[in-house]
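Here are the chains, one letter per residue:
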Amino acid sequence: MPPFVGRDPELAVLRSALETTGRAGVRVVAVTGDPGIGKTRLLSEFGEHARRRGARVVSSSATRGRRSQPLAPLLDALVDCDRCANRKTDPGEAPTGATASVQLVRDLVNRTGDADANNLVVIVDDMHWADETTIALLTQLVRTPSPVPLLVVLAYRPRQAPVRLHTALVGAPGDEWVREVPLGPITEQDAQTLLGPQCRTPWQWALYRHSGGNPLHLHALAAAATGLCSTASVVVGELPVTLRMRLVGELEAASPLSRIVLDAAAVAGEVFEPALVAQIGQCRDAEVHRALDELAELDIVRPVAGGRLISFRHAVLWRAVYDAVSPGWQLAAHDRAAAALCRRGAPPEALAPHVARTARPGDLTAVSILHRAAMAAQHHAPVTAAHWLRVALRLLPHRPDHDLRRVVLLVRLAQLAAVVGDLVASRNALHEALKMRQRRPTTRRAHAVALCVMVELSLSRRAEAGALARAELAALPAAQSIGRAMLSFELACLELAAGRADVARELAAVAYTAAQRHQARSAEATTLALLAVADTAALDMPAARRRLDQAVDLLDAMLDGEFVRSLRAAKWVIEAEILHERFDDALRHLDRAVSGAQHSGQLLLLARLHVALAVTLQVKGRLPQAQECAQRAAEVATAVGGEREIAVARVLRAWMDSQVRTTAETYPEVDALPVLSDGPYSLLVRRLLVEIGLAGGNVAAYLTRTQLGDNSGPSASDLCSQAGWCEAMTRAELAAGRTELAAHWADRADAAAAVLDLPGHTGLALLARAQVLAADDPARAVAAAQVAARELASAGMVVDAARARMVAVGPLAALGLVDDSYREIKAVQAAFEGWGAHRLARQAVLERRRLAARSSRRTGPDEREETAGLNLLTRRERQVAVLVSQGLTNRRVAQELFVTEKTVEMHLANIFAKLGVSSRAVVARLIGATGQPVGAAVPAGEAAAN
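Below: a short report on this structure. For clarity, every value in this text was computed on a predicted model and none was experimentally measured. Counting restarts for each chain, with residues numbered from 1 along the sequence as it is written. Predicted model: local features are reported for residues with pLDDT of at least 70 only, side-chain atom pairs are reported and counted for 80 or more only, and whole-chain, interface and lining totals are derived from all residues. To get the side-chain values, take all heavy atoms of the structure and skip hydrogens and water.

Glancing now at the nonpolar core. Buried residues of nine kinds, namely Ala, Val, Leu, Ile, Met, Phe, Trp, Tyr and Cys, make up a nonpolar core once their side-chain atoms join them within 4.5 Å. A simple rule labels every residue: compare its accessible area, found with a 1.4 Å probe on the protein chains alone, to the largest value its type can have, and call it buried under 20%, exposed over 50%, or partly exposed in between. Residues Met127, Phe272, Leu370 and Phe832 are the most contacted members of the largest nonpolar core, which totals 231 residues. What counts as a helix is a DSSP run of H or I of at least four residues, what counts as a strand is a run of E of at least two, and both are numbered from the N terminus. If one sorts the elements of this core by residue count, helix H30 (residues 603–619) sits on top with 12 residues. With residues near it in sequence (within four places) discarded, Phe272 still touches Ala265, Val277, Leu292, Val301, Arg308, Leu309, Ile310, Ser311 and Phe312. Counting residues in hydrophobic clusters, the runner-up holds 24 residues, among them Ala779, Ala881, Val884 and Leu908. We call two residues in contact whenever any of their non-hydrogen atoms come within 4.5 Å of each other.

Take a nonpolar patch on the surface next. Residues enter patches when their relative accessible area tops 30% and they take part in no salt bridge; the joining distance is 9 Å for like charges and 5 Å for the nonpolar side chains Val, Leu, Ile, Met, Phe, Trp and Tyr. Residue-level accessible areas treat just the shown protein chains as cover; the underlying method is Shrake-Rupley with a 1.4 Å probe. The working definition used for a salt bridge is a side-chain nitrogen of Lys or Arg within 4 Å of a carboxyl oxygen of Asp or Glu. A cluster of nonpolar side chains, Val271, Val304 and Leu309, forms an exposed patch at the surface whose accessible area comes to about 210 Å². Mapped onto the secondary structure, Val271 falls in strand E6 (residues 271–272). Residue class for Val271 comes out partly exposed when judged on its relative accessible area of 44%.

Attention now goes to the packing of helix H16 (residues 348–358) against helix H17 (residues 364–377). Axis geometry follows a simple rule: fit a line to the C-alpha atoms, using only the stretch in contact for helices, then measure angles between N-to-C directions, giving values from 0 to 180 degrees. Interhelical geometry of H16 versus H17 gives an angle of 125° and a closest axis separation of 8 Å. As far as their axial angle goes, H17 and H16 are oblique. For H16 against H17, the interelement crossing comes out left-handed. Across from Pro348, Glu349, Leu351, Ala352, Val355 and Ala356 in H16, the residues of H17 making contact are Ala366, Ile369, Leu370, Arg372, Ala373, Ala376 and Ala377. A class-by-class count of the residues in the contact of H16 with H17 yields 11 nonpolar, no polar and 2 charged. Note on angle classes: values under 35 degrees are labelled roughly parallel, values over 145 roughly antiparallel, values of 65 to 115 roughly perpendicular, and the remainder oblique. Left-handed is the label given to a crossing in which the near helix is rotated counterclockwise from the far helix by less than a right angle, and right-handed is the label when the rotation is clockwise. Any residue that is not Ala, Val, Leu, Ile, Met, Phe, Trp, Tyr, Cys, Pro, Asp, Glu, Lys or Arg is counted as polar, Gly included; the first ten are nonpolar and the last four charged.

What follows concerns the packing of helix H21 (residues 443–458) against helix H22 (residues 462–475). Between two packed helices, what matters for the description is the angle formed by their axes and the separation of those axes. Direction vectors running N to C along H21 and H22 enclose 165°, while the axes themselves pass 8 Å from each other. Considering the angle they form, H21 stands roughly antiparallel to H22. The element H21 and its partner H22 pack so that their crossing is left-handed. Facing Arg445, Val449, Cys452, Val453, Glu456 and Leu457 of H21, the residues of H22 in contact are Arg462, Glu464, Ala465, Leu468, Ala469 and Glu472. Counted by class, the contact of H21 with H22 contains 7 nonpolar, no polar and 5 charged residues.

At least two DSSP bridges between two strands are required for those strands to pair. Here 3 strands make up an open sheet; going across it, the order is E6-E8-E7 and the pairing antiparallel. The open sheet has two free edges, formed respectively by E6 and strand E7 (301–303), since each of these has just one partner strand. Of the strand pairs in this sheet, E6 and strand E8 (residues 310–312) are connected by 2 bridges, and their pairing is antiparallel. If you follow Val271 over to E8, its bridge partner there is Ser311.

Quick look at helix H29 (residues 583–600) now. An ideal rise of 1.5 Å per residue puts 26 Å on 18 residues; H29 measures up with 25 Å between its terminal C-alpha atoms. Of the residues making up H29, those classed as buried are Phe583, Ala586, Leu587, His589, Leu590, Ala593, Val594, Gly596, Ala597, Gln598 and Ser600. Looking one or two residues past H29, Gly601 carries a phi angle of roughly 75°, positive in sign. A helix's residues, less one, multiplied by 1.5 Å, set its expected span.

Moving on: the environment of Leu409. Mapped onto the elements of the fold, Leu409 is located in helix H19 (residues 403–419). Measuring from C-alpha to C-alpha, the distance between Leu409 and Ala392 comes to 8.0 Å, with 17 residues separating the pair along the chain. If sequence neighbours within four positions are ignored, Leu409 has contacts with Val367, His371, Leu389, Ala392, Leu393 and Leu396.

The following block contains the structure:
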């Protein structure tokens, strides 16, 4: 039996009804919901609970086809009682007459045991099949005083239930004796638990979306999914026999005419028009309408709001009905459907499902229909479009006069295969197409080569991609053309990934000029975003910001359809926004881009978008959501199969898991991944490996791997990871006790931050420096950590800002500011817990314990050592210190001493240096420790004299 999940609130209602029945006399709970939603499983779970609580439980179920047998479900309940007592039921014992309800209860009580025992619970499933007499008796039963506390639990499908049953039970609002418990979809997390480890598909979330949260449909999809290669389309094979029989078994009550209409409807599609069904099934319209009424009563089909269309209750049911249609009748029905749609002038997308099933080799009309249908569906159903193109290629004759058409179909197929993540199939189709094309360079060939370069790069074949692009560019005429622009764009991506930003800018500029000339807004946005990233990599920040603003304006002005076709532009815009620490804008575009990629099945981009979304959410302190996105990134990357995508996503998932868990874990799958020594995301992966090692306490095992390829130029995607990587390496070397190497990495962090001059990068560099200074120079460590926290917070990097505040805690305590350090660590711990950063919250707890232990050992001589630095101050510096301790600003101090504000700043800097402190609060405390009141004024004459 599958695990009981997702119904705790509903089970709690039933348990509450059981507890209160003893006081109320009679209670009724009606459990309602669609077929397969889990009503029977809930009743079973509640029945076991009631028995454990000492209640007498009898159960039965109405059966389809027994409406002509009065009281059948209640007689079954009596049989259930007698079965438990090893008695034989007399069919003549059925209760009748005006006192039938009381007699029924007494019979049930007498047959279940002692009348003085606990509650009586009557459970009847599938009440929508019950006869009218049973419904009338139950209605009387729940409204008549019972000789014992009675709880009646009924389950039924509201769409198939007789009106009298539904109105009797839930049609009287305010009645305290009845309660409806509607069952809705289970959650995605519950769906994963329900499927369990036996379902190894990485597409549990896609299964959930297509199942609608219905457990029966979820199991059917999981068992029948032969290849979930798209989030937009679940590829379903033959349903398991038991599931198919359970679904099709609902049709036993249908008349022969309704079965014919239903088979015709299944051929027409999940959503169909009655007039088309009439032509497919060769029926009259009146017969179809009569059959649809019957099928709607059985809840097999449902009307679609706002039109004449009808749909099956669920796609899984439609597939089960379609598979049950005999093959010969099915083919003939598809022929009739295609002919009827042709007479109507239906679009190719409507004709394609039928043409794909019935067309014969050499049918050029069918090839044309399938090609046009694929082009119409490519952006919202790429898997289906790719299937139609494969059928078209199979139908196309293998003759030289059709070679050009075959090449066009192959390139289109390769494009769709790349979109859905089938990179190997895309590469094979492109190589076949390029072999068939003449060597003479043309725009079509350049387009195929550009696509091939993108696929080769996605497969980490950088050398092949570069050689192919350069060779094709050399063969093209020197004049500007759209073919040269496409190749220039792909080569620019390749050069950018290799860290050659200047070359990438030149090539991207060529592509941008061509996009402007042809007024292709999507291409214009893509090249502008690429230029923004290249400008950033080339350290031309003003140009990068200008290009990024232009790209964002173009992207935001797009309607949804155009935006989905421009997801590559969105990907580059998002990458540039992350580079420039515009995290809120990046999240806004990521939400839209991820949704578009999911619903259109563009998996090649979806894996990278999920990575970017997980990283951005983590930066913003939304760790549970970031963990979910990392899991999705790993699932999509596994389906796509790209080595780099898999490595990045799995390392990201392990890192996020280490952040939200409170205990250290090992990640064998991460250890088995190949090392990304260079190329996109290599620094990000190395940084995350260090973070995983630090979280697990085994960082030494990762240090050698993370420094491979250290001398290679960073790619554009790694610019935003440089400072973070250096800061992580600083922590790793400090954890290993190598302070000199830690200082080296802090220096590298400074250099990396100076390159981009962004607050987040500056903050990470200062954080690395503060950690190096913390042990030997607490005053400077506090200053660096506090500035780092401010810089990181201003960049929106809230988790890193809190880490900087935590670094300042120890040095603050070393300076004697114990209260300040306590306040800081408590605030940081609360922030980490609120964000779901449980590992960091645990570190904060340990820091609080260390702080408490240090405070308990603190002695008086330490304070005298701290105040001894006051003897080093000059007379004027002491005057400034006393005034500062009174809370005066630098301007007020200057007015009191008749000096300039600059002079006060100079004196204050000297005071901080001599006392080894970094805040005015510490100066005030030390002045107070000398015995002079903090509020004591400096004599005016003395101040003037100096």
